[in-house]
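# Examination of the molecular architecture
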Amino acid sequence: MAQLWGGRFTGETDRLAYQFNASINFDKRLFHQDIEGSIAHVTMLAKQGILTEDEKESIIQGLQGILGDVDHGRLEIDEVCEDIHSFVETHLIERIGEAGKKLHTGRSRNDQVALDMRLYTRQQVQETDALLKELLGVILAVMEENVETYMPGFTHLQKAQPITLAHHYGAYFEMFRRDRQRMEDIYKRMNYCPLGAGALAGTTYPLDREYTASLMGFAGATQNSMDSVSDRDYLIEFLSALSTIMMHLSRFSEEIIIWNSNEYQFVEIDDAYSTGSSIMPQKKNPDIAELVRGKTGRVYGALMSLLTTMKGIPLAYNKDIQEDKEVAFDAMDTVKHCLVLFTGMLRTMKFKKERMAASAMNGFTNATDAADYLVGKGVPFRDAHAIIGRLVLYCIEKETSIDKLSLEELKEISDKFEADIYEAVSLETCVAKRLTIGGPGPEAMKEVIQQYKVYLNN
Ligand code: ARG
């Protein structure tokens, strides 16, 4: 056991209590952030005349030595120390002696960990954003090639109206673009530095908090020291945004699993992203999509866990807050892994375009257009709806489709039908005429794709 706070104690900490309290086995992830924060802190202390230049130099050298040794495997972050802050400080004092004991001047582990976690999360926000951008690039590439790849659009998982693959993927482009906007938004709101808040009530040293903040690329210093050490809102916002990303990935996965099924056969997932069965030789399973769908649960869990941890915490710091880390780290890792794998799966997935078009042709996806055709011939929409309803029933009985009926059969149901009906209910026409903003018509789609390209190039 190595502790920073023995002075006031006469008894030993119970071994289990010590282990229960210790956080080193997970907060060692914050090693780089801890060093970065300490270097900024002593740089500011020296500027303010609280440390001498020599002390500052010696501390920074010591910290960089520890950093290099850990990064190159010469020093292991073992679990002798209680947490990563103790680890760094203990090793610093061991290396440079007296000056090392001044590192913690005007600082508490409460504002220190608040800073470390913010630095770490800020980096994760950026990495997640970069992965989202890559995914959007793959989605856009598929869109560009499939402006005229027809497929059924569904409501209630029942065929509804024909759309294109570009249009379907475009819906996901919108979702993941919003996810990126959330990253930007969180970044802006969280980018304030809590260091200098002390344990809860600031400090009597003349710290220059704005300067410390600027050294680490923050937009400024946080404005209330009690809030600074106990705020984890930014982490909750991030976990919420991560949950939304997973919700989007999970919906997309669900569709891919359906499309990949024997019944649909719209797509074929590449061998690299499928697995077989130990007993059934014919199997090629969409495991990656299923795992992404499954892992959504643990990310939602992290969000619920932190919301619940935070709800009962009186100001300011309480040890409960240490529970932010394991769940948050797990969620951050999970989402990044899912984004990487999902993007790879999407990049290599093949479409069976003929089957998709054939599926769009049956199932009466052109029934609305047939009704609209009658409206064009002067029939009120409500009557047209009823006429086409009867027509559909007739087709079901005959096991055929609207476009395969003869003009005589059509005229028996309504004399308004003319030879131009066939063109009006063809797949191409049904889609091409849907040109309102956001619609699947190829001309409308091409404009949207152009906008997306500009967006991704910025
Ligand atoms: N391990 C702690 C955490 O993660 C660091 C802060 C400790 N502060 C304290 N007063 N014990 O929150």
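This structure is a prediction, so every number in the text was calculated from the model and none was measured.

### Focus: the overall build of the protein
When helices and strands are counted, the protein shows 19 helices and 6 strands. In summary, the protein has a C-alpha radius of gyration of 31 Å against a globular reference of 23 Å for 458 residues, an excess of more than 25%. Overall, the C-alpha framework of the protein stretches about 100 × 50 × 40 Å when taken along its three principal axes. Put simply, of all contacts in the protein between residues at least 6 apart along the chain, 75% involve residues at least 24 apart. Total accessible area on the protein stands at roughly 22200 Å², and carbon and sulfur atoms take up 51% of it.

### Comments concerning unusual backbone geometry
Along the chain, Leu315 connects to Ala316 via a cis peptide bond; the corresponding omega equals 0°. Tracing the chain through its elements places Ala316 in the loop between helix H11 (287–310) and helix H12 (324–348). Even without being a glycine, His156 presents a positive backbone phi close to 55°. In this fold, His156 is placed in the loop between strand S1 (150–155) and strand S2 (158–164).

### Some points on the site of the ligand
In the region of the ligand, the neighbouring residues are Ser23, Asp27, His85, Arg109, Asn110, Val113, Tyr317, Lys319, Gln322 and Lys325. Ser23 places a polar side-chain atom, nitrogen or oxygen, 3.2 Å from a nitrogen atom of the ligand. A distance of 2.9 Å separates a nitrogen atom of the ligand from a polar side-chain atom of Asn110. Here the ligand loses 86% of its free accessible area of 340 Å² to cover by the protein chains.

### Comments concerning the pattern of salt bridges
Applying the stated criterion to the full structure yields 29 salt bridges. Arg118 is the salt-bridge partner of Asp231, the closest N and O atoms lying 3.0 Å from each other. Of this pair, Asp231 sits in the loop between helix H9 (225–230) and helix H10 (233–259) while Arg118 sits in helix H6 (residues 109–145), and the two are 113 residues apart along the sequence. Arg118 carries the same exposure label as Asp231, and that label is buried. A salt bridge links Asp324 to Lys325, with the nearest nitrogen and oxygen atoms 3.0 Å apart.

### Quick word on the packing of aromatic side chains
Describing an aromatic ring pair means giving the distance of the ring centres and the angle of the ring planes. Taken as a whole and judged by the stated rule, the model has 12 aromatic pairs. Aromatic pair Phe173 and Tyr452: ring centres 3.8 Å apart, planes at 5°, arrangement stacked. Pair noted here: Phe173 is in helix H7 (residues 165–190) and Tyr452 is in helix H19 (residues 442–457), with a separation of 279 residues, a long-range link. You'll find Phe173 and Tyr452 in the same group, each marked buried. For the pair Phe252 and Phe342, a centre-to-centre distance of 5.2 Å together with 55° between the ring planes defines the contact as tilted. Remark: Phe342 occurs in helix H12 and Phe252 occurs in helix H10; sequence separation between them is 90 residues. Given a relative accessible area of 0%, Phe252 falls into the buried group. By relative accessible area, Phe342 is classed as buried at 0%. Ring pairing ties together the aromatic residues Tyr169, Tyr172, Phe176, Phe252, Phe342 and Phe351, which thus form one cluster. Cation over ring: Lys47 sits above Tyr211, and NZ or CZ is 4.8 Å from the ring centre. For the cation-ring pair, Arg122 lies above Phe218, with the distance from its terminal atom to the ring centre recorded as 4.5 Å.

### Looking at the environment of Ala272
Structurally, the position occupied by Ala272 is in the loop between strand S5 (267–268) and H11. The spatial distance from the C-alpha of Ala272 to the C-alpha of Thr348 is 8.5 Å, given a sequence separation of 76 residues.

### Here we look at the packing of helix H3 (residues 31–47) against H6
For the pair H3 and H6, interaxial distance at closest approach is 9 Å and the crossing angle is 120°. Relative to H6, the element H3 lies oblique. Relative to H6, H3 is oriented so that their crossing is right-handed. Of the residues in H6, those touching H3 at Gln33, Asp34, Glu36, Gly37 and Ser38 are Gln112, Leu115, Asp116, Leu119 and Tyr120. Split into classes, the residues belonging to the contact of H3 with H6 amount to 3 nonpolar, 4 polar and 3 charged.

### Things to note about the nonpolar core
Of all hydrophobic cores here, the largest spans 97 residues; its most connected members are Phe87, Ile139, Met143, Tyr169, Leu249 and Leu346. Considering every element that reaches this core, the biggest residue donor is H10, with 15 residues. Sequence-distant contacts of Met143, that is, excluding residues within four places in its chain, are made with Ala166, Tyr169, Gly170, Phe173, Met445, Ile449 and Tyr452. In terms of nonpolar packing, the next biggest core, distinct from the first, is built from 20 residues, Ala367, Ala370, Ile388 and Leu405 among them.

### Here we look at a nonpolar patch on the surface
Where nonpolar side chains cluster on the molecular surface, the patch consists of Leu200, Met226 and Leu315 and spans about 260 Å² of accessible area. Judged by relative accessible area, Leu200 falls into the partly exposed class, the value being 37%.

### Thoughts on the pairing of S1
When S1 meets S2, the two strands line up antiparallel, connected through 6 bridges. Across the sheet, residue Pro152 finds its bridge partner in S2, namely Pro162.

### Let's talk about the side chain of Asn366
On the secondary structure map, Asn366 appears in the loop between helix H13 (353–361) and helix H14 (367–376). Setting aside residues up to four positions removed in sequence, Asn366 forms contacts with Ile402, Asp403, Val425 and Cys430.

### Overview of the side chain of Ser228
In this fold, Ser228 is placed in helix H9. By relative accessible area, Ser228 is classed as buried at 1%. From its side chain, Ser228 meets the backbone oxygen of Asn224 in a polar contact 2.6 Å long. Setting aside residues no more than four positions away along its own chain, Ser228 makes contact with Ala114, Pro194, Ala197 and Thr222.

Conventions adopted
Residues numbered from 1 in each chain as written. Predicted model: local features only at pLDDT ≥ 70, side-chain atom pairs only at ≥ 80, totals over all residues. Heavy atoms only, no water. Helix = DSSP H or I, 4+ residues; strand = E, 2+ residues; numbered from the N terminus. Rg over C-alpha atoms; globule rule 2.2 N^0.38 Å. Contact = heavy atoms within 4.5 Å. Areas by Shrake-Rupley, 256 points an atom, 1.4 Å probe, with all protein chains shown as cover. Near = heavy atom within 4 Å. Polar contact = N/O pair within 3.5 Å; in protein donor to acceptor, adjacent residues only side chain to side chain. Salt bridge = Lys/Arg side-chain N within 4 Å of Asp/Glu carboxyl O. Buried < 20%, exposed > 50% of the residue type's maximum accessible area, 1.4 Å probe, protein only. Phe/Tyr/Trp six-rings, centres within 6.5 Å; stacked < 30°, edge-to-face > 60°. Lys NZ or Arg CZ within 6 Å of the ring centre and 35° of its normal. Axes fitted to C-alpha atoms, helices over the stretch in contact; angles between N-to-C directions. Parallel < 35°, antiparallel > 145°, perpendicular 65-115°, else oblique. Left-handed = near helix turned anticlockwise from the far one by under 90°. Nonpolar A, V, L, I, M, F, W, Y, C, P; charged D, E, K, R; others polar. Core = buried A, V, L, I, M, F, W, Y, C linked by side-chain atoms within 4.5 Å. Patch = residues over 30% accessible without salt bridge, like charges linked within 9 Å, V, L, I, M, F, W, Y side chains within 5 Å. Pairing = 2+ DSSP bridges.

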